[in-house]
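Residue-level listing of the chains:
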Amino acid sequence: MSFWLLIPILLPIAAGAALPLVVGDNRDRLQVYVASVVILNTGFAVAAAGLGDTGFRALELTSVINLHIRIDDLARFFLVLSSGLWLLVTFYSFGYIKRDGRDKSFFAFFLMSYGAVMGACLSGNFFTLYLFYELITLLAYPMVVHSGTPEAMKAGVKYLMYSFFGAALALVAFVFVANYGFTTDFTPGGVLDPVALAGNEGFLPFVFLLAFIGFGCKAYIWPLFDWVPASYPLAPHPAAALFSGVVSKIAVLAIVRTTFYVFGVDVVIGSWAQTALIVITLLTVFMGSMLAYKEKLFSKRLAYSSVSQLSYVLFGIILLNPLAFLGAMLHVVFHGIIKTALFLSAGAVTHKTGKSYVYELRGIGKAMPVAMWCFTMASVALVGIPPTGGFVSKWHIATGGIASNHPTLGMVGAAVLLVSALLTAGYLVTIFADAFFPGAGFSYKKLVNAESGKLMTVPLVILASLTLLLGMFPGALIEFINGISAIIGI
């Protein structure tokens, strides 16, 4: 039965590789093919999530270098979230990606990236996670440079440079764990051998810091987030939505695995590395919010917003207490849904009108009411206004900060989150306010109905609805996350 876990990984990778041969130049066949693969694979992912805790080694070269595929509660959490968002973005992409000869390449790598994400979710040890983490970098690159413009190619190089540098930092941690751990398999509480470590304990905080920041590159942690505003505005909006909504969450998964399943809470809590990372994550929250507030380019503003919001999650994780962890994992879900909705809403506007700067969006709510109402609902949720999901997650992160082993920094953190929420309101509310209420002097004569088709609007409506429904009824999600907290010992 464990071998069924390979299907959600291998199916989209194989289907993506075969796509150019199967679909030819027939666009309708391409859409049916891609939709069939993604729907089928989503079913396999949900079925895998329904299995009991199980796993197997698909390939074993050494005790350290082996492919360990495993399902547990943490894997279930990220598997279902990633699959659900990927499915919605798939249908949106059919309406967005042009029939310009490059669409086959986009969807081929779109499918293969999906398989790599599934592999990261189902990784049972450090080596397997690292392998799929790097595979995501390579397979997602063609989506970043899809337009083929010199600017996009330059942004793609920056994306690769930052990603490889971050991965190199994480590789240091892998080598360390391979030498000083009982195993490299993910084990709640950690795997480090105190006997082997004797005399080298002083390296632990430093190595953990490298791993956290290294994996944090794809979660936009300072100082490794500069590739985000450089690449997101130049990538197709569905790709930007997947990067912010899904790929960044794989970085969070890697950080959670490293913190709680490799090093362990007892190693990190109270260390200088914990203090440093609390400061770094709060700095990133504030910097991202300020840069988003000042930014005029629509997609770039959302990119800086992602920088800020992902560090809410990282702040909640490094506080190392159950309240903050609960808030962080809730924000993984809510941010994934919200930011996917925001990028897709922005994509709908740009795709139909060509407008890409926020000052151009006055009155757009009259021309594209569905897209802008979805943007409004997602924006309200990201600010953290009750009863949306953003309020639930941010409340738990802030209270977790106050209850942490760093009460002063926790209080500072709660204050930073509040300031960030106000800045978030400043850079998002003004957009939809001007979109629906452009002022008395605005002429509506130039506006024409520009609403996107159902392929683009239905996913938006579903995402916007989820921001409210999951915020109003988070009980099952909270219970599931608390179960993970109990397993990892916080």
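Up top is the structure.
Structural notes, computed from the coordinates. (Residues numbered from 1 in each chain as written. Predicted model: local features only at pLDDT ≥ 70, side-chain atom pairs only at ≥ 80, totals over all residues. Heavy atoms only, no water.)

1. Some remarks on the side chain of T340
Then, number 1: Relative to the elements of secondary structure, T340 occurs in helix 14 (residues 322-353).
Then, number 2: Classification of T340 as buried rests on a relative accessible area of 1%.
Then, number 3: There is a polar contact of 2.6 Å between the side chain of T340 and the backbone oxygen of G336.
Then, number 4: Excluding anything up to four places from it in sequence, T340 contacts L85, V89, A241, G245, H335 and L463. (Helix = DSSP H or I, 4+ residues; strand = E, 2+ residues; numbered from the N terminus. Buried < 20%, exposed > 50% of the residue type's maximum accessible area, 1.4 Å probe, protein only. Polar contact = N/O pair within 3.5 Å; in protein donor to acceptor, adjacent residues only side chain to side chain. Contact = heavy atoms within 4.5 Å.)

2. Focus on the pattern of salt bridges
Then, number 1: Across all of its chains, the model carries seven salt bridges by this definition.
Then, number 2: Here R27 and D103 are joined by a salt bridge, their closest N and O atoms 2.7 Å apart. Pair noted here: R27 is in helix 2 (residues 27-49) and D103 is in helix 4 (residues 103-121), with a separation of 76 residues, a long-range link.
Then, number 3: On the accessibility criterion, D103 (8% relative accessible area) is buried.
Then, number 4: Three or more residues joined by partner-sharing salt bridges are found here, namely D53, D73 and R76. (Salt bridge = Lys/Arg side-chain N within 4 Å of Asp/Glu carboxyl O.)

3. Section: the packing of helix 10 (residues 237-263) against helix 13 (residues 298-318)
Then, number 1: One way to put it is that helix 10 packs onto helix 13 with a least axis distance of 11 Å and a crossing angle of 15°. In terms of axis orientation, helix 10 runs roughly parallel to helix 13. Crossing handedness for the pair helix 10 and helix 13: right-handed. Listed contacts from helix 13 to H237, S244, S248, K249, V252, I255, V256, T259 and F260 of helix 10 are S299, S306, L310, V313, L314 and I317.
Then, number 2: Taken together, the residues that form the contact of helix 10 with helix 13 break down as eight nonpolar, six polar and one charged. (Axes fitted to C-alpha atoms, helices over the stretch in contact; angles between N-to-C directions. Parallel < 35°, antiparallel > 145°, perpendicular 65-115°, else oblique. Left-handed = near helix turned anticlockwise from the far one by under 90°. Nonpolar A, V, L, I, M, F, W, Y, C, P; charged D, E, K, R; others polar.)

4. Topic: unusual backbone geometry
Then, number 1: Residue P223 is bonded to the preceding W222 through a cis peptide linkage, with omega at 5°.
Then, number 2: With respect to the secondary-structure elements, P223 resides in the loop between helix 8 (204-216) and helix 9 (227-231).
Then, number 3: Omega for the peptide link from P386 to P387 comes to 10°, which places this bond in the cis form.
Then, number 4: At Y220, a position not held by glycine, the phi torsion is positive, near 70°.

5. Concerning the pairing of strand 1 (residues 54-60)
Then, number 1: Bridge analysis of strand 1 against strand 2 (residues 66-71) gives six bridges, and the strand direction is antiparallel. Across the sheet, G55 pairs through a bridge with R70, a residue of strand 2.
Then, number 2: Here strand 1 folds back onto strand 2 in antiparallel fashion, the turn holding five residues. (Pairing = 2+ DSSP bridges.)

In short, shape yes, function no, at least from these values alone.
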